[in-house]
Amino acid sequence: MAQDTKPGDAAAAKSKVAMCIGCHGIIGYQASFPEVHKVPMISGQNAAYLVAALNAYRKGERKHPTMKGIAAPLSDQDIADIAAFYEANGKDTPQRPGKGGAPSAEVQALLSKGNCASCHGEGLNKPSSPTMPKLAGQHADYLYVSLKAYQTTGNSTIGRDNQIMSPQAKLFTLAELKLLSNYISTLPSDLKTVPQPKFKK
């Protein structure tokens with residue numbers, strides 16, 4: 001974080017998240033790039049991870065025209081404040097219960113192969129570092145699109161460049177990524193979509 005950037009202020013972000021709530025504040029809202037999928041739930045996500053993600057869109061390490069357009073004009077302080085807002089957003093509501101049970105033997109083998117828990121933590125909901133995302137309960141179609149994006153490098157339009165996730169994602173076939181995504185989406189989760197009222201100045 002830049003030296004002149006103060007710790008994120010969730011209250012200050014209330015005047016900055018108007019461009020976020022149009023997608024991330026609508027339950028079931030779908031995006032169409034690079035294919036149709038639900039936009040990710042970001043309420044309850046780690047602030048440090050959200051800062052890293054917005055910076056990756058701003059730098060072009062994550063290729064997504066809409067998100068780059070939104071992130072590009074944000075200052076470091078804007079990003080810190082927005083991230084703090086979404087980390088706190090919905091914390092007064094209960095954790096969402098999981099729909100599934102223990103993973104199948106096939107899925108467990110895939111989780112072990114990717115060593116997913118070493119970064120994303122117990123239940124894939126308690127990351128080892130706040131710069132890592134909570135995955136549990138995230139929309140399956142978004143997880144699948146994201147994991148596929150890490151397999152795509154050197155493309156000016158789509159893909160994600162990440163020293164950890166790019167080689168990890170390439171260990172799996174698309175069918176295996178879909179199995180992982182479907183299972184992860186069933187886990188108990190802190191992640192939510194919280195519909196937002198219009199903010200008053």
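Below or above, wherever it landed, is the structure these notes cover. Here the structure is a predicted model, which means the values were calculated and not measured.

### What about helix 4 (residues 76–88)?
Given 3.6 residues to a turn, an α-helix orients residues that are three or four positions apart in the same direction.
Then step 1. Its 13 residues place the ends of helix 4 19 Å apart at the C-alpha level, agreeing with the 18 Å of an ideal helix rising 1.5 Å per residue.
Then step 2. Counting buried positions over the 13 residues of helix 4 gives ten, a clear majority of the element.
Then step 3. Among the residues of helix 4, those classed as buried are Gln 77, Asp 78, Ile 79, Ala 80, Asp 81, Ile 82, Ala 83, Ala 84, Phe 85 and Tyr 86.
Then step 4. Contacts from the buried residues of helix 4 go to helix 1 (18–24) and helix 2 (47–59).
Then step 5. Looking one or two residues beyond helix 4, the residue adopting positive phi is Gly 90, at roughly 85°.

### Let's talk about the side chain of His 64
Then step 1. Summarising the element assignment, His 64 is placed in the loop between helix 2 and helix 3 (65–71).
Then step 2. A polar contact of 3.2 Å, which involves the side chain of His 64, links it to the backbone nitrogen of Met 67.
Then step 3. If we skip the residues at most four places from it in the chain, His 64 touches Phe 33 and Tyr 57.

### Quick word on the nonpolar core
Then step 1. Among the nonpolar cores identified, the biggest contains 20 residues, and Val 17, Leu 50, Ile 82 and Tyr 86 are the most heavily contacted of them.
Then step 2. Those elements that provide at least two residues to this core are helix 1, helix 2, helix 3 and helix 4.
Then step 3. Counting residues per element, this core draws most heavily on helix 2, which supplies seven residues.
Then step 4. Tyr 86 has contacts with Val 17, Cys 20, Ile 21, His 24, Ile 42, Ser 43, Gly 44, Gln 45 and Leu 50, leaving out every residue within four places of it along the chain.

### Observations concerning helix 7 (residues 140–151)
Then step 1. The end-to-end C-alpha distance of helix 7, which contains twelve residues, comes to 17 Å, matching closely the 16 Å that a straight helix rising 1.5 Å per residue would cover.
Then step 2. Burial of helix 7 is extensive: nine of the twelve residues sit out of reach of the surface.
Then step 3. Every buried residue of helix 7 is accounted for by Ala 140, Tyr 142, Leu 143, Tyr 144, Val 145, Ser 146, Leu 147, Ala 149 and Tyr 150.
Then step 4. Residues of helix 7 that are buried in the fold lie against strand 2 (37–38), helix 8 (165–169) and helix 9 (174–184).

### A short note on the packing of helix 5 (residues 105–114) against helix 9
Then step 1. Contact pair helix 5 / helix 9: the axes reach a minimum separation of 10 Å and the direction vectors enclose 100°. In terms of axis orientation, helix 5 runs roughly perpendicular to helix 9. Residues Glu 106, Val 107, Leu 110, Leu 111 and Lys 113 of helix 5 form the contact with helix 9, whose participating residues are Glu 176, Leu 179, Leu 180 and Tyr 183.
Then step 2. Of the residues contributing to the contact of helix 5 with helix 9, the split by class is six nonpolar, no polar and three charged.

### A few points about the pattern of salt bridges
Side-chain pairing between opposite charges can occur once the charged atoms of the two side chains come close.
Then step 1. Inspection of every chain in the model, using the stated rule, returns six salt bridges.
Then step 2. Glu 35 serves as the salt-bridge partner of Lys 148, at 2.8 Å between the closest nitrogen and oxygen. One end of the pair, Lys 148, is in helix 7; the other, Glu 35, is in the loop between strand 1 (30–31) and strand 2, and 113 residues separate them in sequence.
Then step 3. Ionic pairing is found between Arg 58 and Asp 76, a salt bridge with its closest N-O pair at 2.6 Å. In this pair, Arg 58 is assigned in helix 2 and Asp 76 in helix 4, connecting sequence segments 18 residues apart.
Then step 4. The network of salt bridges with shared partners includes Lys 16, Asp 78 and Asp 81.

What counts and how
- Residues numbered from 1 in each chain as written.
- Predicted model: local features only at pLDDT ≥ 70, side-chain atom pairs only at ≥ 80, totals over all residues.
- Heavy atoms only, no water.
- Helix = DSSP H or I, 4+ residues; strand = E, 2+ residues; numbered from the N terminus.
- Expected span 1.5 Å × (residues − 1).
- Buried < 20%, exposed > 50% of the residue type's maximum accessible area, 1.4 Å probe, protein only.
- Contact = heavy atoms within 4.5 Å.
- Polar contact = N/O pair within 3.5 Å; in protein donor to acceptor, adjacent residues only side chain to side chain.
- Core = buried A, V, L, I, M, F, W, Y, C linked by side-chain atoms within 4.5 Å.
- Axes fitted to C-alpha atoms, helices over the stretch in contact; angles between N-to-C directions.
- Parallel < 35°, antiparallel > 145°, perpendicular 65-115°, else oblique.
- Nonpolar A, V, L, I, M, F, W, Y, C, P; charged D, E, K, R; others polar.
- Salt bridge = Lys/Arg side-chain N within 4 Å of Asp/Glu carboxyl O.

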